[in-house]
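# Fold and contact review
Chain by chain, the residues:
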Amino acid sequence: MLYKFKSQAAAEVIMLQPDAETLLKIIGKSPGAQGIVTADQIPGAVSALRQAIAASKQAPKADDGEEEKADDGVSLARRAAPFIDLLERSAAAGKDVVWGV
């Protein structure tokens, strides 16, 4: 299943369910078929994502010294980057971010 994050301020961001649900949990939102991050909630959401990214970089490193990555080799920082961009553009325009599956 896919999650589609939309805002009137930027292009939509599409993510696979497990990745989207991980990010939603980090920002304190319940994964579900539909939802919203209001413009007022966006700064806190971006802060939570940045803290989680920093924590993942501080986690014990793999034997090769690489940043901890998901099973497919993509770090949380890379996975969250398009979502953070969408949130920041939406905040700057005062627009909410909504999602649906």
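First, a word on scope: everything that follows refers to the structure included in this document.

Reading guide: rules and limits
- Residues numbered from 1 in each chain as written.
- Predicted model: local features only at pLDDT ≥ 70, side-chain atom pairs only at ≥ 80, totals over all residues.
- Heavy atoms only, no water.
- Phe/Tyr/Trp six-rings, centres within 6.5 Å; stacked < 30°, edge-to-face > 60°.
- Buried < 20%, exposed > 50% of the residue type's maximum accessible area, 1.4 Å probe, protein only.
- Salt bridge = Lys/Arg side-chain N within 4 Å of Asp/Glu carboxyl O.
- Helix = DSSP H or I, 4+ residues; strand = E, 2+ residues; numbered from the N terminus.

With that settled, the discussion passes to the packing of aromatic side chains. Tallying each qualifying case throughout the model produces 3 aromatic pairs. Ring geometry for Tyr3 and Phe5: centres 6.1 Å apart, planes at 20°, overall stacked. In this structure Tyr3 comes out as buried when scored by relative accessible area, which is 1%. Residue class for Phe5 comes out buried when judged on its relative accessible area of 1%.

Moving on, we come to the pattern of salt bridges. The final tally for this structure, using the stated rule, is 3 salt bridges. Of the charged contacts in the structure, one is a salt bridge between Asp19 and Arg79, with a shortest N-O distance of 3.2 Å. Placement of the pair is Asp19 in helix α1 (residues 17-26) and Arg79 in helix α3 (residues 76-93), with a sequence separation of 60 residues. A salt bridge links Glu88 to Arg50; the nearest nitrogen and oxygen atoms lie 2.4 Å apart. Note that Glu88 is positioned in helix α3 and Arg50 in helix α2 (residues 42-58), a separation of 38 residues in sequence. On the basis of relative accessible area, Arg50 is assigned to the partly exposed category, the value being 43%.

Tracing the sequence through the fold places Glu12 in strand β2 (residues 10-16). Among the residues examined, Glu12 registers a relative accessible area of 39% and is labelled partly exposed. In the structure, Glu12 is positioned 87 residues away from Trp99 in sequence and 9.3 Å away in space, judged by C-alpha atoms.

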